[in-house]
2 protein chains.
Amino acid sequence: MGILRQRGKEVTVAVDGSGGDNGMKHVCSAVNFAQTMYPEAKLLVFGSSVLHDEMKGSRIDWKRCEFIQTPQVIPQDAALGDVLERYSRSSMYQAMLAVKEGEAQAMVSAGGTGPLVVLARHLLGTVENLRPALCARMPCGPGRYSLMLDLGANAQSNAQDLCDFARLGDAAARIYLGTDSPRVAVLNVGTEQFKGSRLVQEVRELLEQRQELNFIGFVEADRIFCGDADVIVTDGFSGNIALKSAEGVYRIFSSVGGLKRFFAKMGRPEWLLPWQYNGSLLLGVRGNVVKSHGNAGREAFAVAMVEAVKAAVNELASSMQDTLSLQH
Amino acid sequence: MGILRQRGKEVTVAVDGSGGDNGMKHVCSAVNFAQTMYPEAKLLVFGSSVLHDEMKGSRIDWKRCEFIQTPQVIPQDAALGDVLERYSRSSMYQAMLAVKEGEAQAMVSAGGTGPLVVLARHLLGTVENLRPALCARMPCGPGRYSLMLDLGANAQSNAQDLCDFARLGDAAARIYLGTDSPRVAVLNVGTEQFKGSRLVQEVRELLEQRQELNFIGFVEADRIFCGDADVIVTDGFSGNIALKSAEGVYRIFSSVGGLKRFFAKMGRPEWLLPWQYNGSLLLGVRGNVVKSHGNAGREAFAVAMVEAVKAAVNELASSMQDTLSLQH
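All figures in this text were calculated on a predicted structure; none of them were measured in a lab.

Definitions and cut-offs
Residues numbered from 1 in each chain as written. Chains lettered and ligands numbered in written order. Predicted model: local features only at pLDDT ≥ 70, side-chain atom pairs only at ≥ 80, totals over all residues. Heavy atoms only, no water. Core = buried A, V, L, I, M, F, W, Y, C linked by side-chain atoms within 4.5 Å. Buried < 20%, exposed > 50% of the residue type's maximum accessible area, 1.4 Å probe, protein only. Contact = heavy atoms within 4.5 Å. Helix = DSSP H or I, 4+ residues; strand = E, 2+ residues; numbered from the N terminus. Polar contact = N/O pair within 3.5 Å; in protein donor to acceptor, adjacent residues only side chain to side chain. Salt bridge = Lys/Arg side-chain N within 4 Å of Asp/Glu carboxyl O. Phe/Tyr/Trp six-rings, centres within 6.5 Å; stacked < 30°, edge-to-face > 60°. Lys NZ or Arg CZ within 6 Å of the ring centre and 35° of its normal. Disulfide = S-S within 2.5 Å. Axes fitted to C-alpha atoms, helices over the stretch in contact; angles between N-to-C directions. Parallel < 35°, antiparallel > 145°, perpendicular 65-115°, else oblique. Left-handed = near helix turned anticlockwise from the far one by under 90°. Nonpolar A, V, L, I, M, F, W, Y, C, P; charged D, E, K, R; others polar.

Draft legend 1. Expanded view of the nonpolar core. One finds A:Met55 and B:Met55 to be the most contacted residues of the largest nonpolar core, which totals 229 residues. Those residues in contact with B:Met55 that sit more than four places away from it in its chain are B:Val27, B:Cys28, B:Val31, B:Val45, B:Ile60, B:Trp62, B:Cys65 and B:Phe67.

Draft legend 2. Geometry of the environment of B:Asp16. Residue and element names in this part refer to chain B. Relative to the helices and strands, aspartate 16 resides in strand S1 (residues 11-19). The class of aspartate 16 is buried, set by a relative accessible area of 0%. C-alpha separation for the pair aspartate 16 and phenylalanine 218, spaced 202 residues apart in sequence, amounts to 37 Å. Residues within four places of aspartate 16 in sequence aside, it is in contact with Phe46, Ser91, Met92, Ala95, Val108, Ser109, Gly111 and Phe301. Side chain to side chain, aspartate 16 and serine 91 meet in a polar contact 2.7 Å long.

Draft legend 3. View of the environment of A:Arg86. Tracing the backbone through its elements, the reader meets A:Arg86 in helix H3 (residues 80-86). Each C-alpha atom, one on A:Arg86 and one on A:Glu212, is 42 Å from the other, the two residues being 126 residues apart in sequence.

Draft legend 4. Summary view of the pattern of salt bridges. Throughout the structure, instances matching the rule amount to 30 salt bridges over all chains. A salt bridge links B:Asp61 to B:Arg64; the nearest nitrogen and oxygen atoms lie 2.9 Å apart. Residue B:Asp61 is classed as partly exposed on the basis of its relative accessible area, which comes to 23%. Measuring nitrogen to oxygen at the nearest pair gives 3.4 Å for the salt bridge that ties B:Lys310 to B:Glu307. Of this pair, B:Lys310 and B:Glu307 are both found in helix H10 (residues 298-313), three residues apart, which corresponds to roughly one turn of the helix. For the pair B:Lys310 and B:Glu307, one class covers both residues: buried. Salt bridges sharing common partners tie together A:Asp61, A:Lys63 and A:Arg64.

Draft legend 5. Spotlight on the packing of aromatic side chains. Under the counting rule described, the total for this entry stands at zero aromatic pairs over all chains. The ring of A:Tyr145 carries A:Arg137 above its face, with NZ or CZ at 4.4 Å from the centroid.

Draft legend 6. Highlighting the state of the cysteines. All names here are of chain A. Evaluated as defined, the whole model comprises zero disulfides over all chains. Cysteine cysteine 65 shares no disulfide, and the gap to the nearest cysteine sulfur, in cysteine 28, comes to 9.2 Å. Residue cysteine 140 stays outside any disulfide, its sulfur separated by 8.0 Å from that of cysteine 226, the closest cysteine. Classification of cysteine 140 as buried rests on a relative accessible area of 4%.

Draft legend 7. View of the side chain of A:Lys244. Secondary-structure assignment places A:Lys244 in helix H8 (residues 236-254). What makes A:Lys244 buried here is its relative accessible area of 10%. Beyond its immediate chain neighbours, meaning those up to four positions away, A:Lys244 contacts B:Val189, B:Glu220, B:Ala221 and B:Asp222.

Draft legend 8. Up close: the packing of helix H4 (residues 91-100) of chain A against helix H5 (residues 113-124) of chain A. Residues and elements named next belong to chain A. Interhelical geometry of H4 versus H5 gives an angle of 30° and a closest axis separation of 10 Å. Judged by the angle between their axes, H4 and H5 are roughly parallel. With respect to the hand of their crossing, H4 and H5 are arranged in right-handed fashion. Contacts between H4 and H5 involve Met92, Tyr93, Met96, Leu97, Val99 and Lys100 on the former and, on the latter, Pro115, Leu116, Leu119, Ala120, Leu123 and Leu124. Considering only residue class, the contact of H4 with H5 consists of 11 nonpolar, no polar and one charged.

Structure representation (structure tokens):
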């Protein structure tokens, strides 16, 4: 993975200490984990006084961590139109602002997707007028990954949006997976050329015209974890459904009881552990923004934080901007 | 399960002996299995002379099985407009015709979804002008099931179609799961009222107006196998993605190698075995039509055949027609 090569560079990551179904429970251990894995990373944690007290009681290296108290939290049901104007003192807004103003090189949040996308688009701006999308690494074997996007940044997408996602995924895969000519596929209900919804048919026609992309056709959802493509493009609705359905089955396997529990643990393919791929990158904005799953466990939030550190160290967003502007 | 109660009634099931990625390999063993489980069932198998030879070599009870040789197979890439006119001598067409003409009380096929839906709609006709949909039993614990539809009968659906699916699912759940007031939910990317695509928002508004349905709101894809609803309604694209994504993860758990294989087998939740829920019912047509997964294994095709026998024994299609016409 190309992304892991650059190390030792000092970076600062802004952490939205609110949000997530587990509240602030996992923030402390995630900070600890990130500090252990990345001694070169400095963290700016934004959150409530309660979180501050909790953090003061834990073994955090305060030389490499700063706490900024924020009085607001964006509620789950906040109208997206209000986020920019009414929640400028929230931890999510302030963490995003830190990226905008260059105080941090990445931010991570377990808060709502809607507010996160609104803040990122408006505070950081978009790249080449592309539609931003949430992109995750999907494991497809030990140490092997595909990128899949959009996973829910957009509730509604058209064919042009999906083309944007393809370009974003392609640029990210070049940097992230270190592949020269990433194989780009569109998620569909079949692999035959004329199968599927009007949307995927329109997308296929558009992508077939883009010479700079290595478009290989359709991929079915049962092959997401098989590495058939380096980039899997889908609308935010279907992508979210695909990912959550997979997580649901995984969780059932992990939650068997009694004696089966032992066998299940011994028998599971470790490379598929869902928390390993927590931390979706919001691609297409002028800054590194990582979204953690809302009900991420302790390990998962830590992994998302590490994703943010890696994106910062590797200057992912600006590398992507360079790649995309060259293509244009 | 209400559906299992009626037995001992003589029924005839038409079997499309072509189609499916595994060709005719599994037809013989599925016929054997169905004959063992349902001594009251007679089978009409439609297929090629090659299949006939294969079947003659196996231990089938020919007193309860008849073979009808058909010269055509509907190719994977057949234009749907051609299916009715150009493939009337195919096994799928002839098996459907047997249902239309009352020679069989159900049919089962592992052939293409597109041709199957076209033939069912035109030869059998639709119920109450509702849009037909593929519906499967999703396991959500030992012996517990939800129904989910559409799983791919329609590549493109609008809000009114999804309302039709809700009515079909409700009627099927009353008969199939024996529930008086099935909880109907719509698959979405979140459970909050205003979340999701325009389509699911329109569907929510329509379903909230239907007094005869017990509409309980949205359900997320990671809860499909949790029994949060009796009927999960979704468009054919998303439903197919959700199901296949789940199957993909399941398959990874089942295909681990070496020593892990033993542990995985011991540790898996048996109630989740995908072949147990093979055999989707095509609801909304005037006859019992069961679609088997294209790459169904031996057990899976046998289970689909048994679904067809059960639908025939319980007169599922005509019971549903009664339920739906009463509501109108």
